[in-house]
Amino acid sequence: MKKVLLIATGGTIASRKTEYGLSPSITPEELLRYIPDAKEICSIDTIQPFSVDSTNISPDHWLRLVQIIEENYEKYQGFVICHGTDTMAYTAAALSYLIQNTSKPIVLTGSQRPIDEDSTDAKTNLLDSLRFAAGYESGVVIVFGGNIIAGTRAKKVRTKSYNAFTSINFPEIGVIHPGRVVRYIPFEKKGDVCFYHSLSRRVQLLKLTPGMPAEALSAVGELCDGLIIESYGVGGIPDIYLPQLEALIRSGKTVVMATQVDREGSDLAIYKVGHKLKKEFRLLETFDMTPESTVTKLMWALGQTDDKEEVRRLFCQSINYDMLF
């Protein structure tokens, strides 16, 4: 029987009601008591490095998860991380960059309701995750609501419904029907597993809104080494912001153009407001990447090197299906 390490981090799946609202307090051993059928799927060990509402997740938590998986990588055939849903897509994307070329599945899951409630999605999601982790080669994925989603393509799109996550600009890796995994995209190993241990915290995302003062661009830019600008449509910068943008680039900031639109991605070459940015300012762009992947990929790239051209190279390579352009 294959061995899986269950890593509990808190979240709704492990929460109980308090007078102030839901708060994580259920241990991983207790989680498993709610799914006795799990013992028929795999042998499970547990660890709980922290227990938090996922609103409080930070890059330090991501690096701790990497450390745990690296230390236990040879002991287990798969890993399941129980995580809160609110920042699960960020964690899945971050782990996709920090743990590359893994053939051992690293699965994130959680639930919209605690596992101790009568009407909950927690039991199905956790059983599905253990089943996938015990039997299928994979990189980092989210298993939720019967869907298997690449860690770089997942986005939470519903706050309460059980089908909370969807895959953005990329098909699901597969689906899980009761007791059976149906895989759509076969796993392709691209090299030896590689663990990374550094991230830059100096990354900020600025969402453009009509009438935003130009000084906002400078103010946010001063707080970071990497700035992601979420523009409208396929991408572009209002003319009034160009002096501030040029100053940021001259000061050595890495600037990435993203879109506020979930589907189909950016393309700076289409309109005049974007063409100049691409040709003269050499802005990076996200194309079809999710915001969660964009943020964590830039954090990873800036964490590996101070060389701006190397940052560009790292950001522009495709990792765990994160971009198709």
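Note: the structure precedes this text.
Only a predicted model underlies this, so the values are computations on that prediction, with no experimental measurement involved. (Residues numbered from 1 in each chain as written. Predicted model: local features only at pLDDT ≥ 70, side-chain atom pairs only at ≥ 80, totals over all residues. Heavy atoms only, no water.)

A few words on the pattern of salt bridges. For the structure on display, the rule yields twelve salt bridges. The residue glutamate 30 makes a salt bridge to arginine 16 at a minimum N-O spacing of 2.8 Å. Taken as a pair, glutamate 30 in helix 1 (residues 28–33) and arginine 16 in strand 2 (residues 15–18) lie far apart in primary sequence, 14 residues in all. Where arginine 250 meets glutamate 246, a salt bridge forms, and the shortest distance between an N and an O atom there is 2.7 Å. (Salt bridge = Lys/Arg side-chain N within 4 Å of Asp/Glu carboxyl O. Helix = DSSP H or I, 4+ residues; strand = E, 2+ residues; numbered from the N terminus.)

Summarising burial for strand 8 (residues 140–144): five of the five residues are buried, a large majority. Taking every second residue as pointing to the same face, both faces of strand 8 are buried, with Val140, Ile142 and Phe144 on one and Val141 and Val143 on the other. Relative to strand 8, strand 7 (residues 106–109) runs parallel, the two sharing three bridges. The residue bridging isoleucine 106 from the neighbouring strand is valine 140, located in strand 8. Of the crossover connections in this fold, the one passing from strand 7 over helix 4 (residues 122–135) to the parallel strand 8 is left-handed. Direction of pairing for strand 8 relative to strand 9 (residues 147–150): antiparallel, over a ladder of four bridges. Within strand 9, the residue paired with phenylalanine 144 across the bridge is asparagine 147. (Buried < 20%, exposed > 50% of the residue type's maximum accessible area, 1.4 Å probe, protein only. Pairing = 2+ DSSP bridges. Right-handed = clockwise from strand over helix to strand, strands pointing away.)

Checked against the element boundaries, serine 198 lands in the loop between strand 14 (194–195) and strand 15 (203–207). Taking the relative accessible area as the measure of exposure, serine 198 reaches 26% and is therefore partly exposed. Taking the C-alpha atoms as reference points, serine 198 and glycine 135, 63 residues apart in sequence, are found 30 Å from one another. Residues contacting serine 198, with those up to four places away along its chain left out, are Leu63, Leu98, Trp300, Gly303 and Gln304. A distance of 2.8 Å separates the side chain of serine 198 from the backbone oxygen of glycine 303, its partner in a polar contact. (Contact = heavy atoms within 4.5 Å. Polar contact = N/O pair within 3.5 Å; in protein donor to acceptor, adjacent residues only side chain to side chain.)

On to the side chain of lysine 297, then. One can find lysine 297 in helix 8 (residues 291–304). Exposure remark for lysine 297: the relative accessible area of 0% places this residue in the buried category. In terms of polar contacts, lysine 297 uses its side chain to reach the backbone carbonyl oxygen of phenylalanine 315, at 2.8 Å. Once you skip the residues sitting within four places of it in the chain, lysine 297 turns out to touch Tyr97, Met289, Leu314, Phe315, Cys316, Gln317, Ile319, Asp322 and Met323.

The strand order across the open sheet formed by four strands is 15-16-17-18, and the pairing between neighbours is parallel. Looking at strand neighbours, the two that pair on one side only are strand 15 and strand 18 (284–285), the edges of this open sheet. Where strand 15 meets strand 16 (residues 226–231), five bridges bridge the pair, whose relative direction is parallel. In the sheet register, valine 203 faces strand 16, and the bridge partner there is glycine 226. Where helix 8 meets the sheet, its contacts fall on strand 15, strand 16 and strand 17 (254–259), and the angle it forms with strand 16 comes to roughly 160°. (Axes fitted to C-alpha atoms, helices over the stretch in contact; angles between N-to-C directions.)

Our next topic: the layout of surface pockets. Counted as a void, the largest pocket has a volume near 390 Å³. The wall of the largest pocket is formed by 19 residues, among which Glu188, Lys190, Ile319, Asn320 and Tyr321 lie closest to the centre. At the level of secondary structure, the elements contributing two or more residues to the lining of the largest pocket comprise strand 6 (99–100) and strand 8. (1 Å grid on protein atoms, 1.4 Å probe; cavity = no way out; pocket = protein on both sides within 12 Å on 5 of 7 lines; lining within 4 Å. Points joined across faces, edges and corners; volume = space filled by probe spheres on them.)

On to the sheet that holds strand 13 (residues 180–183), then. Reading across from one edge, 4-1-5-7-8-9-12-13 is the order of the eight strands in this open sheet, with mixed pairing throughout. Since the sheet does not close on itself, it has two edges, and those belong to strand 4 (43–47) and strand 13, each with one partner. Going from strand to strand, the sheet's axes swing by 25° on average, the running direction of each strand aside. Contacts between helix 3 (residues 88–98) and the sheet are confined to strand 5 (78–82), strand 7 and strand 8, with strand 8 contributing the most and set at about 155° to the helix. Docked against the sheet, helix 4 engages strand 1 (3–8), strand 4, strand 5, strand 7, strand 8, strand 9, strand 12 (174–177) and strand 13, running at close to 160° with respect to strand 5.

Attention shifts here to the pairing of strand 17. With respect to burial, strand 17 is a largely interior element, six of its six residues being buried. Every second residue of strand 17 is oriented toward a common face, with Thr254, Val256 and Ala258 on one face and Val255, Met257 and Thr259 on the other, all of them buried. For strand 16 and strand 17, the ladder comprises six bridges, and the chain directions are parallel. Within the sheet, the bridge partner assigned to isoleucine 228 lies in strand 17 and is valine 256. Remark: the strand 16/helix 6 (residues 242–250)/strand 17 crossover connection has right-handed handedness. Examined bridge by bridge, strand 17 and strand 18 share two bridges and lie parallel to one another. The residue of strand 18 that forms the bridge with methionine 257 is glutamate 285. The parallel pair strand 17 and strand 18, bridged by helix 7 (residues 272–279), forms a crossover whose chirality is right-handed.

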